[in-house]
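# An overview of the molecular structure
Okay, here's what each chain looks like letter by letter:
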Amino acid sequence: MMKKLLFALVPLMIVGCNAGDAPTGGSEAETKAVFDAQPLEAKVKFYMNSPMPQADKQKKIEEVYKAAGKEVPADLFSNAAPAPGAPPIDTTGGQRR
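Residues numbered from 1 in each chain as written. Predicted model: local features only at pLDDT ≥ 70, side-chain atom pairs only at ≥ 80, totals over all residues. Heavy atoms only, no water.

### A few points about the nonpolar core
- Core analysis: the largest hydrophobic core is formed by 9 residues, namely L40, V44, Y47, M48, I61, V64, Y65, L76 and F77.
- For this core, the elements supplying multiple residues, two or more each, are α3 (40-48) and α4 (54-68).
- Ranked by the residues each element gives to this core, the list is headed by α3, at 4 residues.
- Those residues in contact with F77, other than ones at most four positions away along the chain, are M48, Q54, Q58, I61 and V72. (Core = buried A, V, L, I, M, F, W, Y, C linked by side-chain atoms within 4.5 Å. Buried < 20%, exposed > 50% of the residue type's maximum accessible area, 1.4 Å probe, protein only. Helix = DSSP H or I, 4+ residues; strand = E, 2+ residues; numbered from the N terminus. Contact = heavy atoms within 4.5 Å.)

### Some details on the packing of aromatic side chains
- Scanning the model with the defined rule gives 3 aromatic pairs in all.
- Taking the centre distance of 5.3 Å and the plane angle of 70° together, the rings of F46 and Y47 count as edge-to-face.
- Judged by relative accessible area, which is 49%, F46 ranks as partly exposed.
- The exposure class assigned to Y47 is buried, which follows from its relative accessible area of 11%. (Phe/Tyr/Trp six-rings, centres within 6.5 Å; stacked < 30°, edge-to-face > 60°.)

### Considering the packing of α3 against α4
- At their nearest, the axes of α3 and α4 sit 9 Å apart, and the two run at 170° to each other. As judged from the angle between their axes, α3 and α4 are roughly antiparallel. Contacts between α3 and α4 involve L40, K43, V44, Y47 and M48 on the former and, on the latter, K57, K60, I61, V64, Y65 and A68.
- Across the contact of α3 with α4, the residue classes tally to 8 nonpolar, no polar and 3 charged. (Axes fitted to C-alpha atoms, helices over the stretch in contact; angles between N-to-C directions. Parallel < 35°, antiparallel > 145°, perpendicular 65-115°, else oblique. Nonpolar A, V, L, I, M, F, W, Y, C, P; charged D, E, K, R; others polar.)

What follows is the structure in structure tokens.
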């Protein structure tokens, strides 16, 4: 009886050891290749939605446009919205009542 129980539980224990493992991601080179294959608009959207400081976003986006051989649109940074989940922008100068 014990042998039957043991033979029934061993496969479950072997399979159960890998059940919670997260899949491995691609290498850094693979990730970079996928990002570089994206169209210009997707790259810009990625940087605009990232949690980087605004100055770093502008620098990265300017680099992307330069690499593509295009000019950065003048109004690109003028209507930048905060990232989703960011606290609202205080336009009252701290004078809320």
